Amino acid sequence: MTESSVKKLSNGDRCYSTNGVKPGKNGCVKNHYLYKKQHCYPEEKIYHVEHNGGLYKRPFNEVFEETPMLVAVLTYMGYGILTIFGYLRDFLRKWKIEKCQNATEREEQKDFVPLYQDFENFYTRNLYMRIRDSWNRPICSVPGAKFDVMDRVSYDYNWTFKYTGKVVKDVINMGSYNYLGFAENHGLCVDAAADVTMKYGVGVSSTRREMGNLGKHEELEKLVARFLGVEAAMAFGMGFATNSMNIPALVGKGCLILSDELNHASLVLGARLSGATIRVFKHNNMQSLEKLLKDAIVHGQPRTHRPWKKILILVEGIYSMEGSIIRLPEVIALKKKYKAFLYLDEAHSIGALGPSGKGVVEYFGLDPKDVDIMMGTFTKSFGAAGGYIGGKKELIDYLFTHSHSAVYATSMSPPVVEQIITSMKCIMGEDGTTLGQDRIKQLAENTRYFRRKLQEMGFIIYGNSDSPVVPLMLYMPAKIGAFGREMLKRNIGVVVVGFPATPIIESRARFCLSAAHTKEMLDTALRMISEVGDLLQLKYSRHSLVPLLD
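Residues numbered from 1 in each chain as written. Predicted model: local features only at pLDDT ≥ 70, side-chain atom pairs only at ≥ 80, totals over all residues. Heavy atoms only, no water.

An unreviewed UniProt entry annotates the protein as SPTC2 palmitoyltransferase of Polyodon spathula. Heading Cofactor (unreviewed entry) of the UniProt record for the protein holds this comment: "pyridoxal 5'-phosphate". (UniProt positions renumbered as here; feature names shortened; annotations may be inferred.)

Here's what the structure looks like:
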């Protein structure tokens, strides 16, 4: 191991890059870094050194503390007990002993083919329904730093809900992807969108190829290309369809897709629809990716052993369930070494990372030309809807004629386009103010402050220290619903996530930071999180931090 692959911690320890390989008993893993003493401090100050052959120009600090053994055992036991009671309840329903029969199949539908697999159906009626009230809560205000939530109750174990007519006011929003605070009902963006609505209307009622290509669409695409630093860009009306409908246009039979195991469902669906061969590598693990690349070059296609027509690597900028950032310098190095193509999904990273909000490419100080297909969405940092793909002009011209989203989908709504244009110009500083730059800086400060405080409290949190997505580990199934309910009682709106969206023992609450959050809001949220954490005994971390004097 070379000295360049070593980082020094402020306590004198050294951490060694292991690229995801688990070490022995003498150290503990912090997402590809091995801390060589028994005491591991997730966010000790790291001196700035270049490692991995000088690929990184900044410290790369990620934390994935291992699940405590007792917690893992109790979590499995919890799911086991729920499963046993589920089968008991099914038995009681069958013999009409249980009063609530909503989970029983109707007599007139028993001859139909089941819509769901048996286990999925079992999980839904016996586990998910117990905590269904933690999701799909209707809000009745703009989803800014605070919002209003409509109160509802259920009298049949969460199968149906009734609204009480009451509204829970001023709930602090810790769940929306409103990274830069542009999801608002006042300000420059709203005024500009209102003016465009009066001029163009709300809908276009046609595709771009027919009568729906407005000057605003052309203006948006030129602005996106300039913002990203690429030759050309193309905008689409739906972020999910940007992935799922464009990947099949780029690869097909005889091509190979190498996909990160934690990629978003839109990337997975696009890969499956393409007809290409799919191979999955371990999350953010460069050794796993390189092994697949080597095998693909050496062995070629199955049976014929002909070379693959294309090899496409699919990764995300920020992974929305883990809070981790892609190790992009290493991915680009491997992509160049093995002559593959790179598809980068910046849905969560565009606007949220980089000194000027240009995403993970700028965050690492890389050249946008090294990424073959740059994809992102307007639904998060820009407070709008839709997605984009940027790259060489030949790529965009090809997609304009071959992409199903371009050919068959209705054009983007004019006020939505104007919202994106105005917010993007604000981020770029072309509105004549420093508002965009101030929001990028505020988001970074909020992210570091919030993450640090949670670690000081003793919670296990995942992800990169610069990621505004902050997963807080809950583990046990009963604590998923309890955490969401207790936080709402304290006027904090959070998102809780469990199996199958996460591994079965890694249920979590996911916080999303915003530039619109003030320090007072964050302090209130942190105080309530700590209170609920004590109530539900969620402070599992064995590596407490010493509080900083801010």
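After that view of the structure, there is still more to cover.
**Student:** Hey, could you run me through the overall build of the protein in this one?
**Tutor:** For the protein, the helix and strand inventory stands at 16 helices and 19 strands. Counting the 550 residues in the protein, one finds 54% classified as buried. With the model as given, the accessible surface of the protein reaches about 25900 Å², and the carbon-plus-sulfur share is 57%. (Helix = DSSP H or I, 4+ residues; strand = E, 2+ residues; numbered from the N terminus. Buried < 20%, exposed > 50% of the residue type's maximum accessible area, 1.4 Å probe, protein only. Areas by Shrake-Rupley, 256 points an atom, 1.4 Å probe, with all protein chains shown as cover.)

**Student:** Help me understand the environment of leucine 399, please; the structure alone is not making it clear to me.
**Tutor:** Turning to its location among the elements, leucine 399 is positioned in helix α11 (residues 393-402). Take leucine 399: its relative accessible area is 0%, and that puts it in the buried class. With residues up to four places along the chain from it excluded, the contact list for leucine 399 reads Met234, Asn246, Ala249, Leu250, Ile389 and Ala406. (Contact = heavy atoms within 4.5 Å.)

**Student:** Please explain α11 as it appears in this structure.
**Tutor:** A turn of α-helix holds 3.6 residues, and therefore any two residues three or four places apart point the same way. Within α11, burial applies to Leu395, Ile396 and Leu399. End-on view of α11: buried residues confined to an arc of 95 degrees, all on one side of the axis. Along its buried surface, α11 packs onto β8 (232-236), α6 (247-250), β13 (373-377), β14 (387-391) and α12 (404-408). (Arc of directions from axis to C-beta.)

**Student:** How should I be thinking about the packing of aromatic side chains in this particular structure?
**Tutor:** Two measures describe an aromatic ring pair: the distance that separates the ring centres and the angle between the ring planes. According to the stated counting rule, one finds 16 aromatic pairs in the structure shown. Ring centres 5.8 Å apart and planes at 35 degrees place the aromatic pair phenylalanine 60 and phenylalanine 364 in the tilted group. Taken together, the residues phenylalanine 60 in the loop between β4 (33-35) and β5 (62-63) and phenylalanine 364 in the loop between α10 (360-363) and β13 connect sequence positions 304 residues apart. Since its relative accessible area comes to 0%, phenylalanine 60 is described here as buried. Where tyrosine 177 meets tyrosine 179, the ring centres are 6.4 Å apart and the plane angle is 45 degrees; that geometry is what we call tilted. Three or more aromatic residues joined by ring pairs form one cluster here, namely Tyr56, Phe60, Tyr363 and Phe364. Positioned above the aromatic ring of phenylalanine 161, the side-chain terminus of arginine 152 is 4.1 Å from the ring centre. We note arginine 439 situated over the ring of phenylalanine 182; from NZ or CZ to the ring centre the distance is 4.5 Å. (Phe/Tyr/Trp six-rings, centres within 6.5 Å; stacked < 30°, edge-to-face > 60°. Lys NZ or Arg CZ within 6 Å of the ring centre and 35° of its normal.)

**Student:** Just to check I follow, could you spell out the UniProt feature "transmembrane region" (unreviewed entry) in the protein for this structure?
**Tutor:** UniProt's feature table lists "transmembrane region" (unreviewed entry) at residues 69-88, given in the numbering used throughout. In residues 69-88, the share of helix is 100% and the share of strand is 0%. The end C-alpha atoms are 29 Å apart.

**Student:** Please clarify how the sheet that holds strand β19 (residues 507-512) should be interpreted in this entry.
**Tutor:** What links the strands of a sheet is backbone hydrogen bonding, and the strands pair in either a parallel or an antiparallel sense. Ordered in space as β16-β19-β18, the three strands form an open sheet in which the pairing is antiparallel. Both edges of this open sheet fall to β16 (469-475) and β18 (495-497), since each of them pairs with a single strand only. Taking each pair of neighbouring strands and ignoring which way they run, the sheet shows an average axis angle of 25 degrees. Pairing of β16 with β19, which is carried by six bridges, proceeds in the antiparallel orientation. The residue of β19 that forms the bridge with valine 469 is cysteine 512. Where helix α14 (residues 435-457) meets the sheet, it contacts β16 and β19, and its direction lies at approximately 20 degrees from that of β16. Running at roughly 125 degrees to β16, helix α15 (residues 477-489) makes contact with β16, β18 and β19 of the sheet. (Pairing = 2+ DSSP bridges. Axes fitted to C-alpha atoms, helices over the stretch in contact; angles between N-to-C directions.)

**Student:** Help me out: how do you make sense of the sheet that holds β8 in this one?
**Tutor:** Spatially, β8-β14-β13-β12-β11-β9-β10 is the arrangement adopted by the seven strands of the open sheet, whose pairing is mixed. A strand with exactly one partner marks an edge of an open sheet, and here the two such strands are β8 and β10 (277-281). Between one strand axis and the next, the sheet turns by 20 degrees as a mean value, whatever way the strands run. In terms of strand pairing, strand β12 (residues 341-345) meets β13 through three bridges, oriented parallel. Looking at the pairing, leucine 344 lines up with methionine 374 of β13. Contacts from α11 reach β8, β13 and β14 within the one sheet, and its direction differs from that of β14 by about 135 degrees.

**Student:** Before we go on, may I ask you to explain the confidence of the model for the protein in this structure?
**Tutor:** When pLDDT drops low, the exact placement of atoms in the prediction is not to be read closely. The pLDDT averaged across the protein works out to 89; a share of 89% of its residues lies at or above 70. Note that pLDDT drops below 50 for residues 1-51; the model gives that stretch 130 contacts with residues more than four away or on any other chain. (pLDDT = per-residue confidence, 0-100.)

**Student:** Quick question: what am I supposed to make of the packing of helix α1 (residues 69-94) against helix α2 (residues 118-126) here?
**Tutor:** Axes are the key here: two packed helices are described by the angle between their axes and the distance separating the axes. Across the interface, α1 lies against α2 with an axial gap of 10 Å and an inter-helix angle of 90 degrees. Our classification of the angle between α1 and α2 gives roughly perpendicular. Packed against α1, whose contacting residues are Thr83, Gly86, Tyr87, Arg89, Asp90 and Arg93, the element α2 presents Phe122, Arg125 and Asn126 at the interface. In terms of residue class, the contact of α1 with α2 is built from two nonpolar, three polar and four charged. (Parallel < 35°, antiparallel > 145°, perpendicular 65-115°, else oblique. Nonpolar A, V, L, I, M, F, W, Y, C, P; charged D, E, K, R; others polar.)

**Student:** Any chance you could explain the pattern of salt bridges here in plain terms?
**Tutor:** Pairing is possible between side chains that carry opposite charge, provided their charged atoms lie close to one another. Counted according to the given criterion, the structure contains 29 salt bridges. Linking glutamate 486 and lysine 489 is a salt bridge whose minimum nitrogen-to-oxygen distance equals 3.2 Å. Of this pair, glutamate 486 and lysine 489 both sit in helix α15, three residues apart, which is roughly one turn of the helix. Its relative accessible area of 15% is what places glutamate 486 among the buried residues. (Salt bridge = Lys/Arg side-chain N within 4 Å of Asp/Glu carboxyl O.)

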